[in-house]
Each structure stands twice: as structure tokens, then as C-alpha cells.
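Here are the chains, one letter per residue:
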Amino acid sequence: MSADDFLPPSDPPGGSGSEPSGLPEGAQPQSPPLRARVPDHVSSGNFSTGAIVMTGPTEFIIDFLQTIGRPQKVACRVVVPFNVMPQMIEALQTNLNLYRNRFGDPVQPAQQPPNPDARRPTPQEIYDDLKMPDEVLSGTYANGVMIGHGATEFGLDFLTSFFPQSAVSARVFLAAGQVPRLLDSLQGAVKQLDQRRGQQAPGQQAPGQLPPGNLPTGGLPAGPVAGGAQGPNAVNDPPAETPGNQNDNHDNDGDSPGKGTNGEASDLPPDHTP
């Protein structure tokens, strides 16, 4: 099926206005799954071994990294508005809980013990070690996310939910063991933004706005990017597991299944369960 030809069904199963069959008496019917177009240049996605979360004047910036092999690079940059990030965190937490119920705790990569005497690199030093392709510099805007998972990996479809149809603006795959650290990074970024807003005095900069050169929020990697990132807002260790079949949790026929926009999480339908 072509992405250009896809249209979501107009009625839920059982006909317009009817409850889906098989629901217990008094149970609330679930909304039909959200569908979003998947452009050809997005459908293959990017595999990420870590991420750096930064704060801009009105948005969070998530740089998904590929640090296996040379050159290490920023594979994908996603720009998420402040008001959308809490919903994204809730979606990621919900999916992580579903994963744990089905497969147990994800195996996280071993972390190097921090060296208290090591000098923390500056943001410029971190990015000097990363290749930033021209097509990644401006990032990809997203005001929603759909999340799915298989036995060994998570898939994040970032959405632009605009009329007349939602579309996937970026697709990222992460090893399951990377997800708890990414979640910690996102939560840390939001917490620091809230603290900064609470300390804002009248006449100072607008909430969330940072002076030039102070992009990353909170913790930065304690060592070079190649050595693995430490701190609440950087995730950058090679995954303990390699992703399985990407089709386990994402369709590539031009539409992306999920449930809800603006951060609502969804588990995979039965036919997508590994």
C-alpha cells in the first residue's frame, strides 16, 4: 500500500456509532488506532545507540546518536515543544511498563564507573567529536509520538499532527536496554526546566530561554562521547542487544499503527507481537 493512497477507516469495527464486539457490559470502547503516513525517506528509520537532550528557548532538542564505528555521528535530531514532552515521557513510561510485563526488565548496558577527577567536557567538545550531517542540522519537528516495541528493541515514530492527516516526521529504533536511560534523560530535562522557571525573577529571560553556548540541560557526558555518556541528560552506551526484525513493531507499507497523538502510547496489535 502506498502512503499516498492510505486513508484511515471512517467507522470503528461493528459499524458507525456501535461498540466493538466482545466488550464486557459497561466497559468503555477504545478509540480506533491512529494512522499516520510514513514518507519513503522516513520508513527505514535510524538505529540509535544513545541520545543527548538539550533545551532551547521554547523546545527540547533530542539528538539520537550512532556511536558504533567511525565516524560517530548525530543520526537524527528531533525538536519537541515544551508542552508535548510530558506526554511523550508518559507514553515512553507506559510502553516500558508494558515491555516489563511481557519480557521482564530490559538488559541495560554496563556503565563505566565515573571518574571524579575527570574534567567534564564542554558542549562544544562533545559535538566536535560527532559528525553532524547538513540534513540533520535543522532537526525534525514533532508534536506527537507513537511508540511500539518488540522483544529486543523499541520503535519511536515522531509525528507532525497537522490537518488533514498525521505523518511520521522521524523514525528511531533503540535497543530495549537504552530506553530506561533515555527516559531518565527526558525526565531530568523537564525537571530542570521546571526548576529554572520556578526561580525566574521578574524582568529576566523568558522561561526556558538559555543564553548562547548553554544548550545542554543539566548533566553532560563525563568523558568523550566514545567512552559512554554519563549524567541525567545524556545517554550514549552501545546497546547490549541488537534490534530484531524491525517489522515486529512497525509497518513499512506506508502507514504506521499506534494509538493517539501527542504522546499517547500504544502496545502492538497481536499480529505484530514477536
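Only a predicted model underlies this, so the values are computations on that prediction, with no experimental measurement involved. Once a new chain begins, its residue numbering starts again from 1 and follows that chain's sequence as written. Restriction of local features to residues with pLDDT of at least 70 applies here, the model being predicted, together with a cutoff of 80 or more for giving and counting side-chain atom pairs; totals for whole chains, interfaces and linings are based on all residues. Computation of side-chain values covers all heavy atoms of the structure but excludes hydrogens and water.

A.B. asks: Go over the nonpolar core with me, naming the residues and quoting the values.
C.D. replies: Residues enter a nonpolar core if they are buried and are Ala, Val, Leu, Ile, Met, Phe, Trp, Tyr or Cys, with the set joined through side-chain atoms within 4.5 Å. For the exposure calls, accessible area comes from a 1.4 Å probe over protein chains only, and a residue counts as buried if that area is under 20% of its type's maximum, exposed if over 50%, partly exposed in between. Counting 34 residues, the largest nonpolar core has Phe64, Met85, Phe158 and Leu186 as the members making the most contacts within it. Runs of E in the DSSP output that reach at least two residues are strands. Runs of H or I that reach at least four are helices, and both are numbered from the N terminus. Breaking this core down by element, the ones donating at least two residues are strand 3 (50–55), strand 4 (59–66), strand 5 (73–81), helix 2 (85–103), strand 7 (144–149), strand 8 (153–160), strand 9 (167–175) and helix 5 (179–198). Phe64 has contacts with Ser48, Gly50, Ala51, Lys73, Val74, Ala75, Cys76, Val78, Phe158, Val172, Leu174 and Leu182, leaving out every residue within four places of it along the chain. Core analysis: the second largest hydrophobic core is formed by 9 residues, Ile61, Ile126, Tyr127 and Val136 among them. The contact definition used throughout considers only heavy atoms, calling two residues in contact when any of these lie within 4.5 Å.

A.B. asks: Explain the packing of aromatic side chains to me, and be specific about the residues and the numbers.
C.D. replies: Here a pair means two rings of Phe, Tyr or Trp (six-membered ring of Trp) with centres within 6.5 Å. Their orientation is stacked below 30 degrees between planes, edge-to-face above 60, and tilted elsewhere. Applying the stated criterion across every chain yields a total of 5 aromatic pairs. Centroid distance Tyr99 to Phe103: 5.0 Å. Interplanar angle 50°. Geometry classified as tilted. Of this pair, Tyr99 and Phe103 both sit in helix 2, 4 residues apart, which is roughly one turn of the helix. Members of the aromatic cluster, joined through ring pairs, are Tyr99, Phe103 and Phe154.

A.B. asks: Give a detailed account of the layout of surface pockets, specifying residues and quantitative values.
C.D. replies: Points on a 1 Å grid over protein atoms alone make up a cavity when a 1.4 Å probe fits among them but cannot get out, and a pocket when they form an open set with protein on both sides within 12 Å along at least five of seven lines; lining residues each have an atom within 4 Å of a point. Grid points are joined across faces, edges and corners, and a volume is the space filled by probe spheres set on the points. Considered as a void within the structure, the second largest pocket measures approximately 320 Å³ in volume. In terms of lining residues, the second largest pocket is bounded by 19 residues, among which His41, Asn46, Ala75, Cys76 and Val136 are the most central. Within the residue set of the lining of the second largest pocket, elements represented by two or more residues are helix 1 (40–43), strand 5, helix 4 (134–137) and strand 9.

A.B. asks: Any details on the side chain of Glu153? Residues and values, ideally.
C.D. replies: Here Glu153 shows up in strand 8. Residues scored as positive are Lys and Arg, those scored as negative are Asp and Glu, and His as well as the terminal groups of each chain are ignored. Note on definitions: salt bridges are taken to be side-chain nitrogens of Lys or Arg within 4 Å of carboxyl oxygens of Asp or Glu. Buried Glu153, no salt bridge; nearest opposite-charge side chain is Arg102, N-O distance 9.6 Å. Here a polar contact means two N or O atoms within 3.5 Å. Within protein one must be a hydrogen donor candidate and the other an acceptor candidate, and residues neighboring in sequence count only if both atoms are side-chain atoms. One polar contact links Glu153 to Thr152, side chain to side chain, over a distance of 2.6 Å.

A.B. asks: Go over the pattern of salt bridges with me, naming the residues and quoting the values.
C.D. replies: A pair can form between side chains of opposite charge whenever their charged atoms are brought close. This model, assessed by the stated rule, comprises 4 salt bridges. Note that Asp63 and Arg77 form a salt bridge whose closest N and O atoms lie 2.7 Å from each other. Of this pair, Asp63 sits in strand 4 while Arg77 sits in strand 5, placing them 14 residues apart in sequence. Each of the two residues, Asp63 as well as Arg77, counts as buried.

A.B. asks: Just give me the short version of the pairing of strand 7, but keep the residues and values in it.
C.D. replies: For strand 7, a buried count of 6 out of 6 residues is recorded, marking the element as mostly surrounded by other parts of the structure. Residues Gly144, Met146 and Gly148 of strand 7 are buried on one face, and the alternating residues Val145, Ile147 and His149, pointing to the opposite face, are buried as well. In this sheet, strand 8 lies alongside strand 7 in antiparallel orientation, the contact comprising 6 bridges. Across the sheet, the residue bridging to Gly148 is Gly155, located in strand 8. By this definition, two strands are paired if DSSP reports at least two bridges between them. Here strand 7 folds back onto strand 8, and the loop between the two strands holds 3 residues.

A.B. asks: Can you lay out unusual backbone geometry for me, pointing to particular residues and giving the numbers?
C.D. replies: Following Arg70, the chain continues into Pro71 via a peptide bond in cis, with omega recorded as -5°. Note on placement: Pro71 falls in the loop between strand 4 and strand 5.

A.B. asks: Summarise the packing of helix 2 against helix 5; cite the residues concerned and give the values.
C.D. replies: To obtain an axis, a line is fitted to C-alpha atoms, over the contacting stretch when the element is a helix, and the angle between two such axes runs from 0 to 180 degrees between their N-to-C directions. With their axes 10 Å apart at the nearest point, helix 2 and helix 5 run at an angle of 155° to one another. If you check the angle between helix 2 and helix 5, you find them roughly antiparallel. Pair helix 2 / helix 5 crosses with left-handed handedness. Side by side, helix 2 and helix 5 meet where Met85, Met88, Ile89, Leu92, Gln93, Leu96 and Arg100 of the first sit next to Val179, Pro180, Leu182, Leu183, Leu186, Gln187 and Val190 of the second. When residues are sorted by character, Ala, Val, Leu, Ile, Met, Phe, Trp, Tyr, Cys and Pro go into the nonpolar class, Asp, Glu, Lys and Arg into the charged class, and all the rest, Gly among them, into the polar class. Residue composition of the contact of helix 2 with helix 5, grouped by class: 11 nonpolar, 2 polar and 1 charged. By definition in this entry, angles of less than 35 degrees are roughly parallel, angles greater than 145 are roughly antiparallel, angles of 65 to 115 are roughly perpendicular, and the rest are oblique. Two helices crossing with the near one rotated counterclockwise from the far one by less than a right angle form a left-handed crossing, whereas a clockwise rotation gives a right-handed crossing.

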